[in-house]
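Structure at a glance
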Amino acid sequence: MQKDLIKELCLTQDLIDIADTGTASQSSTSKWSKENDAQRALSNNNFANFAFHTEKEKNPWWQVEFEKPVNPEYVVINNRKQEPFDEIASELSVVAYDDEDNKKILHLGTVYFGSENQGCPLIIPMKGKVSITRLKITLLKEDYLHLSNISFLISNPLRSFGDKPVFIANRGDGLGERLKALLNSMVLAKEFDGHFIFSWPLLLSKSEFHAIDKPENVFSRDFIDSYLVTRDVLNRCEIKDLRNTMDFISCDNDGYKKIGINLNQTSLKNQIKDKNLQPKNLISEYKIAFEKISFNEGVTEAINLARSVQLKDKVLGIHLRTGDIVYSDYRYMDRYYNKVVPFYTVESLITRHLEMGYDIVLFSLDSSACRYFKDKYGVVISNDLIPEEYDDIQRAFFDIVLMSRCTEIVGGSSGFAILSSWIGGSKISTYKKILSEEEIKSSFIHSLSENGVLSSGFISPLLKSFSIAHYLQSFKDFSSTIERIELLKKCVEIDNGNNYYRLLLALDYYKEKNFSAADAILLEAVNSTDKSNIKWLAKTKFPKVTILSGYTLELEKYATQGSIVAAYVAFLSRYYYDKIDMNIAFYEDFIQKQHNNKNSIDTEFLKEIQEKVNLD
C-alpha cells in the first residue's frame, strides 16, 4: 500500500519525493543494523522489513537534515511490516526544526500504523506551511526504534508558477558560467512572460581558483527565497534543454509551459537558431537582467566600488586567466588552452593599444606576473584596486564589473570575460584576431629573450612552462621538431611532475626516429609516481574523453615501427577509455610479431597487453 499511496499522492497532487536529498543519523546502531543504516530510510527502496534499527535504549531517535529548508505537503512514515511492531512504534514524537533551530511538534502521542503488509503509514499533512531543516523522530519509551521508508513529498516547484513557462539555470561549474546561465533564464522569462529559477550547488571540493561559495554569500536572502531551488529537487522535475523546446515555442504550443526549460551558459543567439524568436536588443536585456539580481551586502559593495573607479574614454581590459588552467590538473592537457590569453602575447597587445590611445587594465589571479607589464608600461592591475579585506567572491565581482566598463576586452573563451562583455556591452575579441601569426611568433621569441616576460623574475616556473607548451600546441607549424624537442625539454625540467609534457616530448622524438630517446622518456612517464603518470592520463576524462585518447593512433603508428613502449601506452589508452574500441586484432597481430621477432624482448608490458587482450 505504501508505494501505491505515495505514487497516487504524487500523481494526483503533482508532488515529488525529496527524501534522499537529506542526510540521516540515529541515536545508536544494533547488531541488525546495515551499512549506512540511518540513510536507508530515505532511499526510496521498498523494504520488506525495516530500513534502520537502533539499539534498545531509552528514547531512541532517528533524524534527517536538509541543506536548504524544505516545505513538505506531507511527511510519510512507514512502519516495519510485521506484527507486533505497530505496538512498539506506537508512541512517537515527530518534531520539525527550521533553519534557526526553532521547533514545531508535528505529532506527539499514540497511534498504531502500518505494521500489516498492506497497512496504512503514518501520514502527516502540512500543506507546505512548515519550514523544515531538520526533522527528528523519537520513540517515547525504552525500546528499539526500527522503521521503514520515510518520504518527504513537496509540491513540484515548476507547478507553483501556474501555466507560465519556467526557465532554469542549473549550472555547477565556474562563477562566470553560472551567472551567464542565470542571465539567460531571466531574459527568456521576461521575453515569454514566464518565471526563472536557479540552482547553486557547491563544488565537490573547495578550489582556490573558483569563486564559488554558498548562495547566501552571493545573493540577498529575498532573492534566494524567491528563485533558488536545490539541484537535487530540480533533478526530480521534468526538464528539457532549450534546444529541445524551441519548437514548442515557435508554433505557439502551450506544451512548453508544462515542463522546465533548462538554459546553458552560451549566448541566446547561439541557443535559439530562429532569429525571429531571439530577444531583441539582447545586450541591453543582459544589462537589465544583471541589474535585477539582488546580491548580498558584500557583493553589492564590491560592485559599487568597481563602478566608482575613474576610467578614461578608451580602455582595453586584458583577461589573463591563469588559476586552475596553469596551476591545477588542467595543466596536464591542452584541452582548455582556448580559455587563456597567453602571457607571451601580452606585450604586443599592450604596445599596439597604447599607440592607439588606450589605457590598459590587466585582470589576473597572478598579480605578480603582471608586475612586469606595470613596471615597463604603467598599465593598471585590477587587483591593486581591490581592498585587501575583500573575500574571493567580492574580488570576482569587482573584476567582472570593472571589466564590463572597459571599451574593449581581450579574453579567451573564459566565462568571466564573456559575462563582462554581456553586462557592459563591451566589444570582446581574442588575441588571435588582433595579432597576425607572424606577430604571435615574434612575440613568443621575444618573451623568451633575456628581457622578455618569460625570462623575468615576475613569472612563476609553472606559468613559464605552461606558456611554452601553450605556444607549441596552439601553433604546431611555427616550430621545427628539433625546436619543439628543446623547448619541451625545458618544460619537463621546470615542471618535472608533469608527464603530459613527457608524452609530447616522446612523440617528437619518435617523429625524429630517435626511438631510444622516445622510449626512455615515455618509460619515465609510465613509471612515474606523480599524479599525472601514463595510467592517470589514460583513465582521466576532461570532460568526456580521456587525455591520452587523442594520441592513440599516433602511438600505434610508432608501435608498428617496433616500439613496445608506444604499443603499451596506446593499449592503455584504448583499454581504459573504451574497451569496445580495443582494436583487438591490431594487438593480437602486434603480440604475434613480437614473439616471432628473435631480437624482441618479451617485456612486462607485452605480457600485460597479452593478458588483457586474451580476457574473455
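Residues numbered from 1 in each chain as written. Predicted model: local features only at pLDDT ≥ 70, side-chain atom pairs only at ≥ 80, totals over all residues. Heavy atoms only, no water.

**Some words on the overall build of the protein chain**
Each helix and strand counted, the protein chain has 25 helices and 20 strands in total. Principal-axis analysis of the C-alpha atoms gives the protein chain an extent of 85 × 75 × 50 Å. Here the protein chain, with 616 residues, has 54% of them falling under the buried criterion. Within the protein chain, contacts between residues at least 6 apart in sequence are counted, and of these 71% link residues at least 24 apart. Within the structure as shown, the protein chain displays about 28,300 Å² of accessible surface, and the carbon and sulfur contribution to it stands at 46%. Measuring between centres, the 75 positive side-chain charges of the protein chain sit 3 Å from its 85 negative side-chain charges. (Helix = DSSP H or I, 4+ residues; strand = E, 2+ residues; numbered from the N terminus. Buried < 20%, exposed > 50% of the residue type's maximum accessible area, 1.4 Å probe, protein only. Contact = heavy atoms within 4.5 Å. Areas by Shrake-Rupley, 256 points an atom, 1.4 Å probe, with all protein chains shown as cover. Lys, Arg positive; Asp, Glu negative; His and termini not counted. Charge placed at Lys NZ, Arg CZ, Asp CG, Glu CD.)

**Considering helix 3 (residues 175-191)**
For helix 3, spanning 17 residues, the distance from its first C-alpha to its last is 24 Å, which sits close to the expected 24 Å at 1.5 Å a residue. For helix 3, a buried count of 15 out of 17 residues is recorded, marking the element as mostly surrounded by other parts of the structure. Immediately beyond the C-terminal end of helix 3, within one or two residues, lies Asp193, with a positive phi of roughly 55 degrees. (Expected span 1.5 Å × (residues − 1).)

**Quick word on the pairing of strand 17 (residues 359-363)**
Of all the 5 residues making up strand 17, 4 are buried; the element is thus mostly covered by neighbouring parts of the structure. The sheet contact formed by strand 16 (residues 315-319) and strand 17 spans 5 bridges and is parallel. Paired with Ile318 across the strands is Leu362, a residue of strand 17. With 2 bridges joining them, strand 17 and strand 18 (residues 380-381) adopt parallel strand pairing. Bridging across to strand 18, Val361 finds its partner in Val380. Crossover strand 17 to strand 18 through helix 12 (residues 367-377) is right-handed. (Pairing = 2+ DSSP bridges. Right-handed = clockwise from strand over helix to strand, strands pointing away.)

**Side note on the side chain of Asn149**
You can see Asn149 is positioned in strand 11 (residues 147-155). A distance of 2.9 Å separates the side chain of Asn149 from the side chain of Ser148, its partner in a polar contact. (Polar contact = N/O pair within 3.5 Å; in protein donor to acceptor, adjacent residues only side chain to side chain.)

**A closer look at the sheet that holds strand 4 (residues 61-70)**
If you trace the 5 strands from one edge of the open sheet to the other, you get 2-4-9-6-7, paired in antiparallel fashion. One side of each edge strand has no neighbouring strand; the edge strands of this open sheet are strand 2 (23-26) and strand 7 (103-110). Looking at each pair of strands side by side, their axes are set apart by 15 degrees on average, direction ignored. Looking at chain direction, strand 6 (residues 91-97) and strand 9 (residues 132-139) are connected through 6 bridges and run antiparallel. Following the sheet pairing, Ala96 is matched in strand 9 by Leu135. (Axes fitted to C-alpha atoms, helices over the stretch in contact; angles between N-to-C directions.)

**Observations regarding helix 19 (residues 499-511)**
Along its 13 residues, helix 19 runs 19 Å from first to last C-alpha, staying within 8% of the 18 Å computed at 1.5 Å per residue. For helix 19, the buried fraction is high: 12 of the 13 residues fall into the buried class. The complete set of buried residues in helix 19 reads Asn499, Tyr500, Tyr501, Arg502, Leu503, Leu504, Leu505, Ala506, Leu507, Asp508, Tyr509 and Tyr510. Where helix 19 is buried, its residues touch helix 17 (461-474), helix 18 (481-494), helix 20 (515-527), helix 21 (534-539), helix 22 (552-560) and helix 23 (564-577). A side-chain oxygen of the first residue of helix 19 lies 3.1 Å from the backbone nitrogen of Tyr500; this N-cap is Asn498.

**Notes on the nonpolar core**
Counting residues in each nonpolar core, the largest one holds 90 residues, and the members touching the most others are Ile318, Phe373, Tyr500, Tyr510, Leu522, Ile534 and Leu555. The element that contributes the greatest number of residues to this core is helix 23, accounting for 10 residues. Filtering out sequence-adjacent residues up to four positions away, Tyr510 remains in contact with Phe515, Ala518, Asp519, Leu522, Tyr558, Ser563, Val565 and Ala566. Within the second largest apolar cluster, 59 residues are counted, among which are Leu175, Leu182, Leu183 and Ala417. (Core = buried A, V, L, I, M, F, W, Y, C linked by side-chain atoms within 4.5 Å.)

**Quick notes on the packing of aromatic side chains**
Evaluation of the coordinates by the stated rule reveals 37 aromatic pairs. For the ring pair Phe196 and Tyr227, a centre distance of 4.2 Å and an interplane angle of 15 degrees mean the geometry is stacked. Pair noted here: Phe196 is in strand 13 (residues 195-198) and Tyr227 is in helix 4 (residues 221-227), with a separation of 31 residues, a long-range link. Residue classification places Phe196 among the buried residues on the basis of a relative accessible area of 10%. The class of Tyr227 is partly exposed, set by a relative accessible area of 28%. Their ring planes at 85 degrees and their centres at 6.2 Å tell us that Phe515 and Tyr558 sit as a pair that is edge-to-face. Of the two residues, Phe515 sits in helix 20 while Tyr558 sits in helix 22, which places them 43 residues apart along the sequence. Each member of the pair, Phe515 as well as Tyr558, carries the same accessibility label: buried. Within the aromatic cluster, the residues linked to one another by ring pairs are Phe196, Phe198, Trp200, Phe219, Phe223, Tyr227, Phe290, Phe295 and Phe397. Here the basic side chain of Lys136 rests over the ring of Trp61, its NZ or CZ set 4.8 Å away from the ring centre. A cation over an aromatic ring shows up here: Lys180 above the ring of Trp422, its NZ or CZ 5.6 Å from the ring centre. (Phe/Tyr/Trp six-rings, centres within 6.5 Å; stacked < 30°, edge-to-face > 60°. Lys NZ or Arg CZ within 6 Å of the ring centre and 35° of its normal.)

**Digging into the sheet that holds strand 8 (residues 122-125)**
A sheet is described by the order of its strands in space; here 4 strands give the open sequence 1-11-5-8, paired in antiparallel fashion. The open sheet has two edge strands with one neighbour each: strand 1 (15-17) and strand 8. Strand-to-strand twist across the sheet, computed as the mean angle between neighbouring axes with direction ignored, equals 20 degrees.

In short, geometric facts, not functional conclusions.
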